[in-house]
Amino acid sequence: MDLRLMSYLLVIILLFVLFFYFRTRKILFSVLIFSILANLMFYLNRGSEVFDIYNLKSTIPFIKKTWPILNLVLLIILIFNLINHAKNKNKKKN
């Protein structure tokens, strides 16, 4: 997969996430979706020639190890945020 196709896929992912954000107004969830989809796209293409041609081999450890951890941290923050929102909503009802 060449760099142009990867750029198009990133734009499609970004447009999807922007559409999702404007429909739901949930910024943290939108960022998490973008991060996971972009990470998946790069992870699936990590063996392509693009990383060799543009000297991007040093980003592969980040794509394989660090980025999924960041996605997990975002997911944990989102879960805590949802729990906190549910608790506050229940307090307002009582």
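Quick note: structure is the one above.
Computed from a predicted model, the values in this text were never measured in an experiment. (Residues numbered from 1 in each chain as written. Predicted model: local features only at pLDDT ≥ 70, side-chain atom pairs only at ≥ 80, totals over all residues. Heavy atoms only, no water.)

Trainee: Can you walk me through the packing of aromatic side chains in this structure?
Mentor: In this description, an aromatic ring pair is defined by two values, namely the gap between the centres and the angle between the planes. Scanning all chains against the criterion turns up 4 aromatic pairs. Consider the rings of phenylalanine 42 and tryptophan 67, whose centres lie 5.9 Å apart with planes at 40°: the pair is tilted. Linking phenylalanine 42 in helix α2 (residues 27-44) with tryptophan 67 in helix α4 (residues 60-93), this pair joins segments that are 25 residues apart in sequence. The pair formed by phenylalanine 42 and tryptophan 67 is uniform in burial state, with each residue classed as buried. What links up through ring pairs into an aromatic cluster is the set Phe42, Phe62 and Trp67. For the cation-ring pair, arginine 46 lies above tyrosine 43, with the distance from its terminal atom to the ring centre recorded as 4.0 Å. (Phe/Tyr/Trp six-rings, centres within 6.5 Å; stacked < 30°, edge-to-face > 60°. Helix = DSSP H or I, 4+ residues; strand = E, 2+ residues; numbered from the N terminus. Buried < 20%, exposed > 50% of the residue type's maximum accessible area, 1.4 Å probe, protein only. Lys NZ or Arg CZ within 6 Å of the ring centre and 35° of its normal.)

Trainee: Before we go on, may I ask you to explain the nonpolar core in this structure?
Mentor: Nonpolar side chains in soluble globular proteins tend to be buried together. With 12 residues, the main nonpolar core is built from Met6, Ile13, Val17, Ile33, Ala38, Met41, Phe42, Val50, Phe51, Ile60, Ile63 and Trp67. Top element by residues in this core is α2. It accounts for 4 residues. Excluding residues within four positions of it along the chain, alanine 38 makes contact with Leu10, Ile13 and Trp67. (Core = buried A, V, L, I, M, F, W, Y, C linked by side-chain atoms within 4.5 Å. Contact = heavy atoms within 4.5 Å.)

What is shown is where atoms sit, not what they do.
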